[in-house]
Amino acid sequence: MIKRILQLGLVLLVAAVMPAKATSYTNPYVMMQEVADKAFGRLAQERGELEQDPAKVRALIDEELLPYIDYKYAAYKVMGQQARSATKEQRLAFTEQFKEYMLATFANAFNKYNDQTLEFAPEQPYGDAKIVAINVKLIEERREPVDLQFKARKNKKGHWKVFDLVAEGISLLASQQAELGGLIRQNGIESVTAQLAERNRQGIVATTGQSQ
C-alpha cells in the first residue's frame, strides 16, 4: 500500500510542477495550484502519444518539470556531511547523476497517472519562511483520499521550487537520504555516483536534451 502511495505521489509531483511555459513563482501555493491545473489537462490530452514513445516522456519532463525541481538542494541533503569532504568535481558529478536518477524515477512514475485529482488545503501565512509545506489530498475514484505534502524551498532569487514529497508520512527525500547517504558513508561518494550512473544507463527512459 505504501509503495503504491509513493508511486502515485511521484506522479502527482510530476503533474503538480509541469506548466506549459516555465514561470518563476514567488508564491509557493500559487505555483502548485496554477501548474497543477494546467498539467492535468495536458496529461489527459497527450497520454496516448506519451505511452507510445517513452523518450517523449523524458523530453517533456526535462523541458517542463526540471525548472521546478530543486534537485541540487536535494542532492546536497542526500550527500549530507560527506559533501564537505568531497571535491567540487565529486559533488558536481553526484548532483548530475542524482538529477538523472530523480527524473528517470519521475518518468517511470508518469505511467501511473490515471485521472487522479488534487484537493489543495487553504493557503497558510508563511511570511519570510524559506521552506513551506503544502498540504493536499489525492482524490481517486473508489479509493480513500490520500494525504500528501509537497515541500517547496525559496531560492536566493526568491523563486520557489519543490524538493520533497511526503506521502502518508513517508518522505521521498528522507528515503533517498537513508539509502544513498548510507552508501556514501560506507563506500564513498565516487562509488555511489558510479552506481547511480549505472542505474541511469539501464533506465528505460532515454536521456534527451541538456539539463542545467
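As shown above, the structure is provided for reference.
Residues numbered from 1 in each chain as written. Predicted model: local features only at pLDDT ≥ 70, side-chain atom pairs only at ≥ 80, totals over all residues. Heavy atoms only, no water.

Quick question: what am I supposed to make of the overall build of the chain here?
From N to C terminus, the chain includes eight helices and five strands. The secondary structure elements of the chain, listed N-terminal to C-terminal, are α-α-α-α-α-α-β-β-β-β-β-α-α. Within the chain, the fraction of its 212 residues that count as buried is 47%. Look at the contacts in the chain between residues 6 or more apart in sequence, and 64% of them connect residues 24 or more apart. By element, 47% of the accessible surface of the chain is carried by carbon and sulfur atoms, the whole surface being about 11200 Å². (Helix = DSSP H or I, 4+ residues; strand = E, 2+ residues; numbered from the N terminus. Buried < 20%, exposed > 50% of the residue type's maximum accessible area, 1.4 Å probe, protein only. Contact = heavy atoms within 4.5 Å. Areas by Shrake-Rupley, 256 points an atom, 1.4 Å probe, with all protein chains shown as cover.)

Is there a simple way to explain the sheet that holds strand β5 (residues 170-171) in this structure?
Within a sheet, adjacent strands bond to each other through the backbone by hydrogen bonds, running parallel or antiparallel. Strand order in the open sheet formed by five strands is β1-β2-β3-β4-β5, with antiparallel pairing between adjacent strands. Edge positions in the sheet fall to β1 (117-120) and β5, since each has one partner strand and no second. Bridge analysis of strand β2 (residues 131-139) against strand β3 (residues 146-154) gives eight bridges, and the strand direction is antiparallel. Its bridge partner being in β3, V136 is matched across the sheet by L148. (Pairing = 2+ DSSP bridges.)

Honestly, the packing of aromatic side chains in this entry has me stumped. Any pointers?
Each aromatic ring pair is specified by the distance between its two centres and by the angle formed by the two planes. Throughout the structure, instances matching the rule amount to four aromatic pairs. Note on F94 and F98: the rings are 5.8 Å apart at their centroids and 15° apart in plane angle, and the pair reads as stacked. Of this pair, F94 and F98 both sit in helix α6 (residues 88-110), four residues apart, roughly one helical turn. A relative accessible area of 0% places F94 in the buried class. According to the relative accessible area criterion, F98 is buried, its value standing at 0%. (Phe/Tyr/Trp six-rings, centres within 6.5 Å; stacked < 30°, edge-to-face > 60°.)

Help me out: how do you make sense of the packing of helix α4 (residues 71-79) against helix α7 (residues 172-187) in this one?
Each pair of packed helices gets described by two things: the angle between the helix axes and the distance between those axes. In contact at an axis separation of 7 Å, α4 and α7 are set at 50° when each is read in the N-to-C sense. Relative to α7, the element α4 lies oblique. Note on element contacts: α7 touches α4 through L173, Q176, Q177, L180, G181 and I184, opposite A74, K77, V78 and M79. (Axes fitted to C-alpha atoms, helices over the stretch in contact; angles between N-to-C directions. Parallel < 35°, antiparallel > 145°, perpendicular 65-115°, else oblique.)

Even after reading the chapter, I still don't get unusual backbone geometry, so can you show me in this structure?
A negative phi angle characterises most non-glycine residues, just as the trans form characterises most peptide bonds. Of note, R142 is a non-glycine position whose phi angle comes to about 65°, a positive value. Within the element layout of this structure, R142 appears in the loop between β2 and β3. Residues other than glycine seldom take positive phi values, yet E168 does so here, at roughly 50°. Among the residues examined, E168 registers a relative accessible area of 39% and is labelled partly exposed.

How should the pattern of salt bridges be read in this particular structure?
When the charged atoms of two side chains lie near each other, side chains of opposite charge can form a pair. Per the counting criterion, the structure on display carries seven salt bridges. Ionic pairing is found between E96 and K99, a salt bridge with its closest N-O pair at 3.0 Å. With a gap of three residues between them, E96 and K99 both fall in helix α6, about one helical turn apart. Three or more residues are tied together by salt bridges with common partners; here these are E96, K99 and E100. (Salt bridge = Lys/Arg side-chain N within 4 Å of Asp/Glu carboxyl O.)

Looking at this model, I keep getting lost on the nonpolar core. Mind explaining?
Residues M31, F94, F98, I134 and L148 are the most contacted members of the largest nonpolar core, which totals 48 residues. Per element, the largest residue contribution to this core is six residues, and it comes from α4. (Core = buried A, V, L, I, M, F, W, Y, C linked by side-chain atoms within 4.5 Å.)

What should I look at first to understand the packing of α7 against helix α8 (residues 189-202) in this one?
Look at α7 against α8: their axes get within 7 Å of each other, and the N-to-C directions meet at 135°. Comparing the axis directions of α7 and α8 gives the class oblique. Facing α7, whose interface residues are E179, L180, L183, I184 and N187, α8 presents I189, S191, V192, Q195, L196 and R199. In terms of residue class, the contact of α7 with α8 is made up of six nonpolar, three polar and two charged. (Nonpolar A, V, L, I, M, F, W, Y, C, P; charged D, E, K, R; others polar.)

Got a minute to help me understand α4 in this structure?
The α-helix advances 3.6 residues per turn, and as a result positions three or four apart in sequence lie on the same side. For α4, the full list of buried residues reads Y71, Y73, A74, A75, V78 and M79. Phi for G80, located one or two positions after α4, is positive at around 60°.

Even after reading the chapter, I still don't get the environment of D62, so can you show me in this structure?
Along the chain, D62 falls in helix α3 (residues 54-65). As a C-alpha pair, D62 and L103 span 41 residues in sequence and 7.5 Å in three-dimensional space.

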